[in-house]
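# Structure at a glance
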Amino acid sequence: MSRSNPLLAVVCVALLTTSLFVGVAGAQLDSEPTDPPETADDAFVQDDGSVVLVYESEEELDEDARTEYGAEVGSNLLYFLAIEPVEDPGATAATGNATAMLTDSELTANGTFSVPTPESLDTLSADISGQSTSENARMDATLATTFSLGAAGPAGLSESATVAGNVTTTASSFQTAGSVTAQLRTGSEQSTRMSYTLSESDGDYTLEAEREETLSSFQTGDWNSREQAVATIERQFADAAAEFGGSADVTVSAYDFEEQSDGSARLDIAYTVQYENIKEGLSDTIASDLSESETVDMSQSEIDSVAERVQQLSLDGASFEMESTDGKITASYNLGLRNYDEAALAALDVATATEGGGASEEQIEQLRAQFEAQDASDLSQRFEWSIEYDQPDAQTGAVDAELRYRTENYDAYVQELESRGISTSETTYDFTAETDDGVIDAEGTMSVEGESLVDETVGQLLNASQANPSTDEETVEFLEGLQRANFTRARTDVTLDDENVTVEAGAQFQNLSALGGAIAATGDFPDSVESVVGRTEDDTLHSYVRVRNAVDSDASEDDVRNLAGVDDETDIHMPGDYDREFPEMDTQRAADYLGVEAETGGSGPGFGVAAAVLALLSIALLARRRD
């Protein structure tokens, strides 16, 4: 097992399938993805019963555009190349290049780009860097920018604002605190102040509150007497206690109500709400819900254990304060929780016993192992943020932001993970962007190293898909095939200059035919697809799908029309009725691009790569699908 990393999963699978899907965007950069392909324009039957299906785009392409792609089972290679001219050559200052390489144990990516600064952006400076290694995990991010708001900007809302806060977690505690300060351009002459503090003692809770504010004429009826104020507070805070079988007692220690000439009123009040039996009531509610649930399979003793462990969660203080005077608003908050580890483990027990809960047993056990490793290592994680906004006038805004993530005892955490059979990866990343003389210069690098990086990532996605009842069968089949195909290497390159956008991609597997089955299940194409080849010819994109032994050697034209991907609109060309050769995939070029040895010979009973065929053939049909 390895630690679940959603971002890594997305990156890995994106690179794995780039050569399968990138053709859709590469052939027509301004088109949307299409539905599954239409039937072939032509079907050429060969002497041995093999059939070449030909798809031809209806729209004439730019004379300088070039598209080339191929997928061949015998070589276990996938390859794609598209060169698309920019709309106005020489008029744009956008340039750059990016490359990414993925093997089963390493992902590396880097790129640099320069693009014209948008008119609304004055200055920009951004820097993001971080790492997650066997020794430490950290992240730093800064952003400084000034920009024009324009006539539609939020003039009058705020001259300035600052938001700051932090979150610190361990396996058994959670602490967060923060503050907000804002200076509005216009503000009320009436001041507002409120504060709330919630504390816990021996399982009971005490809420202490103070409020000083102006009430509108619609609110005065709820607060115009001490008795009415008590009733209002009970509705707001005390009634919730009854939902959990608890009780609440409201005490008003200070009260002052003064009506204003315009129908409003000033309220100055301090009160206390004493909650009792809330925890016990909550525990009983959880136990009752689990007992009555039709999807949770737990014994009564297990249910009682869950309810008891939930009670161990303790509040380590919570508070909120806010004050507003002459357009200046300040607010702060604080929240602390202790001993939530037992409650978290109890939640995992419930997840394990829940039928169709959306997570597999393996995923739940991995979460449990990660949580236990965090507890055993005393891992502490802290995330801090600070964001400042300034609007000196109605047309100009500025933002300065800083984010920071730090850990303690991370090396011990990694060791505890590995002792539980959870492998880890070494990740580093760095990204910068800055304006310079009307241009935004950006560059970034990323590196991830880990044993069986791809296999485990695909395995995690497969487990998640299988556990999710809403996942379609074809997705599961594709991921299962991808897992069996024994991925070797993938690469993607994107280059942008003042004339062209160039996209090149490739991938290699040890057993590409293992992806078979998914395409046959869709019924869109015949079985035993041997290769898919695409070429731009005479400003038109042609796709060639070679189907090995699609029909008997003495098949009739009607037999050919019965094939998937062929219908009455397809022109059938029987053996001897045509003199034509068909392009083949340049496997050596694909191998050289990937830096691998080109293979020869068959490797399985046909090339059933559903995603590859669907994506590659979609290129030929993008033009005909457009209005």
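Our structure is the block above this text.
Now for a quick tour of the structure. (Residues numbered from 1 in each chain as written. Predicted model: local features only at pLDDT ≥ 70, side-chain atom pairs only at ≥ 80, totals over all residues. Heavy atoms only, no water.)

Counted under the stated rule, the structure contains 21 salt bridges. E68 serves as the salt-bridge partner of R589, at 3.4 Å between the closest nitrogen and oxygen. Highlighted residues: R589 in helix α13 (residues 587-594) and E68 in strand β3 (residues 66-72), separated in sequence by 521 residues. On the basis of relative accessible area, R589 is assigned to the partly exposed category, the value being 30%. For D349, the salt bridge identified is with R309, shortest N-O distance 2.6 Å. Of this pair, D349 sits in helix α6 (residues 341-352) while R309 sits in helix α5 (residues 300-310), and the two are 40 residues apart along the sequence. For D349, a relative accessible area of 23% corresponds to the partly exposed category. When its relative accessible area of 15% is taken as the criterion, R309 is described as buried. Three or more residues joined by partner-sharing salt bridges are found here, namely R193, E210, E212 and R266. (Salt bridge = Lys/Arg side-chain N within 4 Å of Asp/Glu carboxyl O. Helix = DSSP H or I, 4+ residues; strand = E, 2+ residues; numbered from the N terminus. Buried < 20%, exposed > 50% of the residue type's maximum accessible area, 1.4 Å probe, protein only.)

Those residues of helix α8 (residues 410-419) that sit buried are Y410, Y413, V414 and L417. For α8, the angular spread of buried residues about the axis comes to 100 degrees, placing them on one side. Turned more than 90 degrees away from the buried face of α8, the exposed residues are Q415 and S419. Where the residues of α8 are buried, they touch β7 (121-132), β8 (137-148), α7 (361-377) and β18 (396-408). (Arc of directions from axis to C-beta. Contact = heavy atoms within 4.5 Å.)

Time to look at the packing of aromatic side chains. Applying the stated criterion to the full structure yields 11 aromatic pairs. Note on Y69 and F80: the rings are 6.4 Å apart at their centroids and 20 degrees apart in plane angle, and the pair reads as stacked. Taken together, the positions of Y69 in strand β3 and F80 in strand β4 (residues 77-85) put the pair 11 residues apart, joining distant regions of the chain. Like Y69, the residue F80 is buried in the burial classification. Both rings, one in F383 and one in W385, keep their centres 5.9 Å apart while their planes meet at 35 degrees; by these two values the pair is tilted. For F383, a relative accessible area of 30% translates into the label partly exposed. Through pairs of rings, three or more aromatic residues link up here, namely F44, Y544, Y578 and F582. (Phe/Tyr/Trp six-rings, centres within 6.5 Å; stacked < 30°, edge-to-face > 60°.)

Moving on: the nonpolar core. A43, V51, L53, L102, F509, V545 and V560 are the most contacted members of the largest nonpolar core, which totals 44 residues. Counting residues in hydrophobic clusters, the runner-up holds 25 residues, among them Y205, A229, V250 and Y271. (Core = buried A, V, L, I, M, F, W, Y, C linked by side-chain atoms within 4.5 Å.)

This paragraph deals with the side chain of R535. Structurally, R535 can be placed in strand β23 (residues 529-537). Beyond its immediate stretch of four places on either side in the chain, R535 contacts T67, E68, Y69, T540, L541, H542, P583, E584, M585 and D586.

Interpretation in functional terms is not warranted from these geometric data alone.
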